[in-house]
Amino acid sequence: MNIIKFLTSKVFVKQILLAVVAIGVLSFMALKWLKISTNHGDFETVPNLTGKSINMAELELKDNNLVMQIQDSSNFNPDYPKFSVIDQDPKPGSKVKENRKIYLTLNPSGYRNILVPNLEDKTFRLAKSTLEALEFRIGTLTYVDNIGKDIVIGLKYQGEPINPGDKLPKTSVIDIVLGNGNRP
């Protein structure tokens, strides 16, 4: 019965009320402090930077109190000028806090170079699928006297022979020299 008397006593009720008031005041103060320190409700709108040069993008981000962070890109897009923005994160129109980093993906100066595989003595069908998988384009097919019909004899780029291991820009047009099945 002592516990029941204690729980219903004036001292215990005062202490509980004091604790509730103290928690309420501390919570109110913490919320006000958070609102001031985080600029709650203050946002910047992310501008559309797609297609703009690095300098223009940087100026526009500074005007909006945002920070530019460049991400490397190896995907050349011929629809955009060299070194222009081809993608951004967060997307245009997003609401972000002041001094937020905006990650920009830039268009490189051109297609990256890819190693030419060794396709000599391979079938045309295999050579074609291999070159297309590497994103090369097939140019003219030239047939020369060779006992192997549709066997790759050599590769050419802009009229010059190329060797396995040479590097060419992605989407280059490669001409293929094939055997016609006749004895030389």
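See above for the structure.
This write-up is about the structure you can find in this document. Only a predicted model underlies this, so the values are computations on that prediction, with no experimental measurement involved.

What follows concerns the pattern of salt bridges. A full pass over the atoms with the stated rule returns three salt bridges. Across the pair Lys 52 and Glu 60 runs a salt bridge, and its minimum N-O distance is 2.6 Å. We classify Glu 60 as partly exposed; its relative accessible area is 21%. Linking Glu 135 and Lys 170 is a salt bridge whose minimum nitrogen-to-oxygen distance equals 3.5 Å. Residue Glu 135 is located in the loop between α4 (124–133) and β7 (137–144), and its partner Lys 170 is located in the loop between β10 (167–169) and β11 (173–179); the two are separated by 35 residues in the primary sequence. Residue classification places Glu 135 among the partly exposed positions, given a relative accessible area of 43%.

Core analysis: the biggest nonpolar cluster contains 14 residues, and Val 152, Leu 155, Ile 174 and Ile 176 have the highest contact counts within it. Elements supplying a minimum of two residues to this core: α4, β8 (152–157) and β11. Setting aside residues up to four positions removed in sequence, Ile 176 forms contacts with Phe 124, Leu 131, Ile 138, Thr 140, Leu 141, Thr 142, Val 152, Gly 154 and Leu 155. Formed by ten residues, the second largest nonpolar core is a distinct cluster that contains Val 46, Leu 49, Val 85 and Leu 104.

Parameters and conventions
Sequence order as written defines residue numbering, which begins from 1 separately in each chain. In keeping with the predicted nature of the model, local features appear solely for residues at pLDDT of at least 70, side-chain atom pairs appear and are counted solely at 80 or more, and the whole-chain, interface and lining totals rest on all residues. Here the side-chain values reflect all heavy atoms present in the structure, with hydrogen atoms and water set aside. One side-chain nitrogen of Lys or Arg within 4 Å of one carboxyl oxygen of Asp or Glu is enough to make a salt bridge. Classification of residues uses two cut-offs on accessible area relative to the type maximum, computed with a 1.4 Å probe and protein chains only: under 20% is buried, over 50% is exposed, and between them is partly exposed. Only DSSP runs of H or I with at least four residues qualify as helices, and only runs of E with at least two residues qualify as strands; both kinds are numbered from the N terminus onward. Here, nonpolar core refers to any group of buried Ala, Val, Leu, Ile, Met, Phe, Trp, Tyr and Cys residues whose side-chain atoms link them within 4.5 Å. The criterion used for residue contact is that any of the two residues' heavy atoms lie within 4.5 Å.

Fair warning: the whole summary comes from geometry, so function is off the table for now.
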